[in-house]
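# Commentary on secondary and tertiary structure
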Amino acid sequence: MRTIRSLLIYGKKITGLPENRIYKIATDDNFWSMGDLGPCGPCSEIFYDHGEHLKGGPPGSKDQDGDRFIEIWNLVFMQFEQLSKDKRINLPKPSVDTGMGLERISALLQGTHDNYETDHFKTLIKISSNLTKTKVTKENIASHRVIADHLRASAFLIAEGVLPSNEGRGYVLRRIMRRGMRHSHTLGSKEPIFYNIVPTLIQEMSDSYPELKRAEALITEILKTEEEKFSTLLSRGMEILNDNLSKVKNNSLPGEVAFKLYDTYGFPLDLTQDILKNKKINVDVAGFNKAMNERKEKTKLAWKGSGDQTVDKIWFNLKDKIGSTEFLGYEKKKSEGIVLSLIKKGKEVSEINQGDEGELITNQTPFYGESGGQIGDIGFIFNSNSNFQVVDTQKKLGDIFVHQGKLVKGKIKIKDSVNLVIDNERRANIRAYHSATHLLHEALRRILGQHVIQKGSFVGPDKLRFDFSHTKPIDENEIKKIEKYVNDMVKSNSEVRTRLMTPKEAVDNGALALFGEKYGDEVRVLSMGKEKNKYFSTELCGGTHVKNTSEIGEFKIVNQSAIASGVRRVEALRAEQLANYLKKKKQELDSLNKITSNKITSLEKEIKNLGEKPAVVNDLPNNEKIKKLNKQLELINIKLILKDKNRNEIKDESIKGLKVRYQLVKDFPSKELRSLIDQGKKDLKEGIVIVYTVVDGKVGMAVGVTNKLVKKYNAVELVKLGSKVIGGTGGGGRNDFAQAGGNLPEKIEKSFQNIIDSI
Amino acid sequence: MVEKTLKNVRKSFLNYFENKNHKIVDSSNLVPNNDPTLMFTNSGMVQFKNVFTGLEKRDYKRATTSQKCVRAGGKHNDLENVGYTPRHHTFFEMLGNFSFGDYFKDVAIELSWNLITKEFQLSKDKISVSVYADDKESFDLWKKNYWITRK
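Rules and cut-offs
- Residues numbered from 1 in each chain as written.
- Chains lettered and ligands numbered in written order.
- Predicted model: local features only at pLDDT ≥ 70, side-chain atom pairs only at ≥ 80, totals over all residues.
- Heavy atoms only, no water.
- Helix = DSSP H or I, 4+ residues; strand = E, 2+ residues; numbered from the N terminus.
- Buried < 20%, exposed > 50% of the residue type's maximum accessible area, 1.4 Å probe, protein only.
- Contact = heavy atoms within 4.5 Å.
- 1 Å grid on protein atoms, 1.4 Å probe; cavity = no way out; pocket = protein on both sides within 12 Å on 5 of 7 lines; lining within 4 Å.
- Points joined across faces, edges and corners; volume = space filled by probe spheres on them.
- Nonpolar A, V, L, I, M, F, W, Y, C, P; charged D, E, K, R; others polar.
- Core = buried A, V, L, I, M, F, W, Y, C linked by side-chain atoms within 4.5 Å.
- Pairing = 2+ DSSP bridges.
- Buried area = accessible area lost by both parts, 1.4 Å probe.
- Salt bridge = Lys/Arg side-chain N within 4 Å of Asp/Glu carboxyl O.
- Polar contact = N/O pair within 3.5 Å; in protein donor to acceptor, adjacent residues only side chain to side chain.
- Axes fitted to C-alpha atoms, helices over the stretch in contact; angles between N-to-C directions.
- Disulfide = S-S within 2.5 Å.
- Expected span 1.5 Å × (residues − 1).
- Patch = residues over 30% accessible without salt bridge, like charges linked within 9 Å, V, L, I, M, F, W, Y side chains within 5 Å.
- Areas by Shrake-Rupley, 256 points an atom, 1.4 Å probe, with all protein chains shown as cover.
- Lys, Arg positive; Asp, Glu negative; His and termini not counted.
- Charge placed at Lys NZ, Arg CZ, Asp CG, Glu CD.

## Section: the overall build of chain B
- Helix and strand counts for chain B stand at four helices and five strands.
- Across the 151 residues that make up chain B, the buried fraction comes to 60%.
- Nonlocal contacts in chain B, meaning residues at least 24 apart in sequence, comprise 63% of its contacts between residues at least 6 apart.

Below, the structure written as structure tokens:
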């Protein structure tokens, strides 16, 4: 009996669910996989029955998508691993991944099946209703839901530094924002409203997501700018729509037009349909969908991933094996270390030899690995019989420091003891540029506004580059103020302080954290610049910095540009490099000034030689002076040519009672021929004037016909007859004045004759 | 749970799993930093992908999160639906619990059942579940009076 009892199965009831409420589903709805290969396994979904008053059937039935049976939780059991198309194995240690929509379960617990009827959404919709001055009704609830939902998505994306643009993630954000803003217009709101809902959203959510509070200024600025911009698009889109009404056939607007409005002006199809409803015009929805599908295909093709690199498997393996590298470079410029790993052509090797290029990892290092915008260190790693030249240092998986370079002498093996020495002069410049970047960042926020956030940074040994969110160019006055802030802090000659804290303490201390950046349990906080017993700048940073702000030296912004929609870039120099830059710039300017001054002197001399007085041009910049003197010289020359019988030949004749002037001038500018035609017309009173000029072997010609004769003779036709002969290709003008050119000066007389013959 | 506000539901979910030895992990970013093929984080498991495949190790085997997600197009969500239905969103939060080679189906089902029926106090009669047709194990675990052999 005892034996039998010990074998008895024991009963355990987990759920008590009757069998008829467990639905077996054979489709992919209940089988999850990470991709074509990798972990996969069955899912089990939990449903809630909202009651018979709603339409919808149980899981697996035809009408399962109704409102009655709602999926509330999906449990994924990662049981297998798909190794190839046909091979699937059991995972030795299976895993679990579950997902439950917070909005959906909250709705359920608040006794509704409508997520937008929950406390959180009701709060947002109430504000939307107040701002648009519209009561929520059955007809307009969709617009209020859109505003609440799209505001959430937009605010969270902007808080991570995603900005509206025309590609990739930024484009998705823009579409969401535009769609939301269109609905606020539909509700009759003429003013931007979205940014006014931000404080409520922050109040609702910043407990769990403090990034919203941190980015408040940015979210507000971006929402406001985009909504103002869209206002204009909306009216322009309306114009396009009205212009295209002529294309309407059979009371149907072409699908491409509707799509253009959708795509370029942010008009959803339903808005276009709504506008046209009054005019009893439909939209060719099939054509719209076709254009839309083509666009989707294109977008799919265009989205080739974010461009970030996937971390190579080798680093995960190495991290397991050798752990993290200890970084000594905050204090030291040289140290000893043990070689833990050598990599050649992407593979681990046990030794490298003279001439080999590769990567070298030690247990500790003074070399800074590129991160946070700061470039990696260079230098040497060596021992008594080998020398590895480090050309770059990279950081992998956060804390493996990888020295890249070439073994210029000897041989290095795993476990060798080595000396590591960085290029200290280069590092000193990098330190100064990095500290200057912090001061610049804070100065930008003070002068331009709190919406300024870092979008990118490069800290090198010879310059700094800083990209940040800002929608317009920085004017000269602002630049001066920004530079003054930085230079005042440099001159404050104050200690730079580094502290280690938890991320929360850091933010409580007012530290500027980078948006969309992940921080560990402990962060370095850099404070610098003395300002009324407080620090001017406090920022989270893992980089290397000066000990005293005075080490930065004189600072100046030397360049600014726009690098993407809403993102500006400034470049700055400091200390000796700035002095060299300014010196070089001055030399260039001096030599340019010298060249232009010489030109002015020679022009003035030429004018004097022709017996005239050079125009007084003292107040003008050099290039303007040159322009003015050249013009004066040209006029003098024209006068001289006209006075000189050898260079100005005029023959007036009468053909069948019609007065015709032939005039040939030399070196006379073609663009001034009109003045000769006008003079000729005056002299003849009634007749035709034909003028030729030869400049550098090229012929210019013009024909003038006096007003009363234009009905009989057309200047354009006459000039064409003439230009044909001198190798020209036609000519143009009006019936009383026309011009042409050619390259056969010897045929001028023949050209004239050809015109005369036609008269 | 006093008032079943969004805030309280989030908190009560995370606390429930924390009490069952799960580590509360912060939501990762919407812009994924470990997956260049993904436009936005769209589920709770995204930040744990490398942990599930075994590439990366963490110092915990059970985790729970409330994850920020964006779905704006693609197979999961058509932007055009948002606003016109009671349950479509572009931005939402996904609650989840995760076991990295620790517990499996039995514990997962038990934890979920107890959360919704005891903590959230949903009526058992309103609950139904689906399982994959071939997954007899899960079917049996959900079934009333399920018996297992003692090992």
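Additional details are given in the paragraphs that follow.
## Quick look at empty space enclosed by the protein
- All chains considered together, the criterion is met by one cavity of 30 Å³ or more.
- Around the largest cavity sit H50(A), I70(A), I72(A), R104(A), A107(A), L108(A), T112(A), H113(A), N115(A) and R87(B), which together line it.
- Those elements that place two or more of their residues in the lining of the largest cavity are β5 (69-82) and α2 (102-109) of chain A.
- At three residues, the largest contribution of residues to the lining of the largest cavity is made by α2(A).
- Residue classes in the lining of the largest cavity are distributed as four nonpolar, four polar and two charged.

## A word on the nonpolar core
- Counting 66 residues, the largest nonpolar core has I158(A), L212(A), I219(A), L223(A) and L253(A) as its most contacted members.
- Of all the secondary structure elements, the ones that give two or more residues to this core are α3 (119-131), α4 (141-159), α5 (168-186), α6 (194-205), α8 (216-243), α9 (255-265), α10 (269-277) and α11 (285-302) of chain A.
- Filtering out sequence-adjacent residues up to four positions away, L212(A) remains in contact with A155(A), F156(A), A159(A), L201(A), I202(A), M205(A) and I219(A).
- Counting residues in each nonpolar core, the second largest holds 38 residues, with L17(A), F77(A), L109(A) and F139(B) among its members.

## Observations regarding the sheet that holds strand β32 (residues 737-742) of chain A
- Strand order in the open sheet formed by six strands is β27-β28-β29-β30-β32-β31 (chain A), with mixed pairing between adjacent strands. Taken across any chain shown, the strands that pair with only one partner, and hence form the sheet edges, are β27 (648-655) and β31 (732-733) of chain A.

## A closer look at the interface of chain A and chain B
- With 104 residues of chain A at the contact, the number on the chain B side is 95 residues.
- In this assembly, chain A packs against chain B so that about 9400 Å² is buried in total across both faces, 61% of it on carbon and sulfur atoms.
- Considering only the surface of chain A that becomes buried against chain B, I14(A), L102(A) and L109(A) emerge as the three largest contributors, covering 8% of it.
- In this structure, the connection of chain A to chain B is made through six salt bridges.
- E19(A) serves as the salt-bridge partner of K143(B), at 3.9 Å between the closest nitrogen and oxygen.
- Summed over the shared surface of chain A and chain B, the number is 47 residue pairs in polar contact (both at pLDDT 80 or more).
- Considering only residue class, the side of chain A that touches chain B consists of 47 nonpolar, 27 polar and 30 charged.
- As judged from the four bridges shared by strand β6 (residues 88-101) of chain A and strand β3 (residues 91-99) of chain B, these two strands associate in the antiparallel manner.

## Some words on the side chain of T393(A)
Residue and element names in this part refer to chain A.
- Inspection of the secondary structure puts T393 in strand β16 (residues 386-396).
- Accessibility expressed as a relative area gives 0% for T393, which makes it buried.
- Filtering out sequence-adjacent residues up to four positions away, T393 remains in contact with F367, Y368, G369, E370, G376, D377, V402 and H403.

## Remarks on the sheet that holds strand β20 (residues 454-459) of chain A
Residue and element names in this part refer to chain A.
- An order of β20-β21-β26-β25 is seen for the four strands of this open sheet, with the pairing classed as antiparallel. Two strands lie at the open edges of the sheet, namely β20 and β25 (555-564), each paired on one side alone. Strand-to-strand twist of the sheet, defined as the mean angle between neighbouring strand axes without regard to direction, takes the value 15°.
- Pairing geometry for strand β21 (residues 464-469) and strand β26 (residues 567-574), over six bridges, is antiparallel. In the sheet register, F468 faces β26, and the bridge partner there is R568.

## Quick word on unusual backbone geometry
All names here are of chain A.
- For N533, which is not a glycine, the phi torsion comes out positive at approximately 65°.
- One can find N533 in the loop between β23 (523-531) and β24 (534-540).
- On the accessibility criterion, N533 (81% relative accessible area) is exposed.
- Positive phi values are uncommon outside glycine, yet D696 reaches one of about 50°.
- A residue is classified by how much of its surface remains accessible, and D696, at 75% relative accessible area, is exposed.

## A closer look at the state of the cysteines
- For the structure on display, the rule yields zero disulfides over all chains.
- C43(A) takes part in no disulfide bond, and the closest cysteine sulfur, belonging to C40(A), lies 10 Å away.
- Sulfur of C69(B): no disulfide; nearest cysteine sulfur belongs to C43(A) and is 16 Å away.
- Looking at C69(B), the relative accessible area reads 0%, which means it is buried.

## Comments concerning the environment of S537(A)
Residue and element names in this part refer to chain A.
- You can see S537 is positioned in strand β24.
- Of the residues examined, S537 reaches a relative accessible area of 2% and is grouped as buried.
- In this view, S537 contacts H438, E442, L526, S527 and M528; residues no more than four positions away in its chain are not counted.

## A look at the environment of A291(A)
Residues and elements named next belong to chain A.
- Looking at where A291 falls in the secondary structure, it is placed in helix α11.
- Residue classification places A291 among the buried residues on the basis of a relative accessible area of 14%.
- Counting along the chain gives 36 residues from A291 to G255, while the straight-line C-alpha distance between them is 7.4 Å.

## A short note on α8(A)
- Taking 1.5 Å per residue as the helical rise, α8(A) with its 28 residues ought to reach 40 Å, and the 41 Å between its terminal C-alpha atoms agrees with that figure.
- Looking at α8(A), one finds that the buried residues are L218(A), I219(A), I222(A), L223(A), E226(A), E227(A), F230(A), L233(A), L234(A), G237(A), I240(A) and L241(A).

## Looking at helix α12 (residues 313-322) of chain A
- For α12(A), the complete set of buried residues consists of I314(A), W315(A), F316(A), L318(A) and I322(A).
- With its phi angle positive at about 70°, G323(A) sits one or two positions after the end of α12(A).

## Let's talk about a negative patch on the surface
Residues and elements named next belong to chain A.
- A contiguous patch of negative charge, built from D28, D29, D63 and D65, is present on the exposed surface.
- Within the secondary structure, D63 is located in the loop between β4 (38-49) and β5.
- By relative accessible area, D63 is classed as partly exposed at 44%.

## Re the side chain of S723(A)
All names here are of chain A.
- Structurally, the position occupied by S723 is in helix α19 (residues 715-725).
- Exposure remark for S723: the relative accessible area of 0% places this residue in the buried category.
- Setting aside chain neighbours within four positions, we find S723 in contact with M701, G728, T729, G730, A740 and G741.

## Overview of the pairing of strand β2 (residues 62-70) of chain B
All names here are of chain B.
- Most of β2 sits inside the fold, with eight of its nine residues counted as buried.
- Here strand β1 (residues 23-24) pairs with β2 via two bridges, running parallel. Bridge pairing in β2 places I24 opposite T64.
- The pairing of β2 with β3 spans nine bridges and is classified as antiparallel. Within β3, the position partnered with T65 by the bridge is G96.

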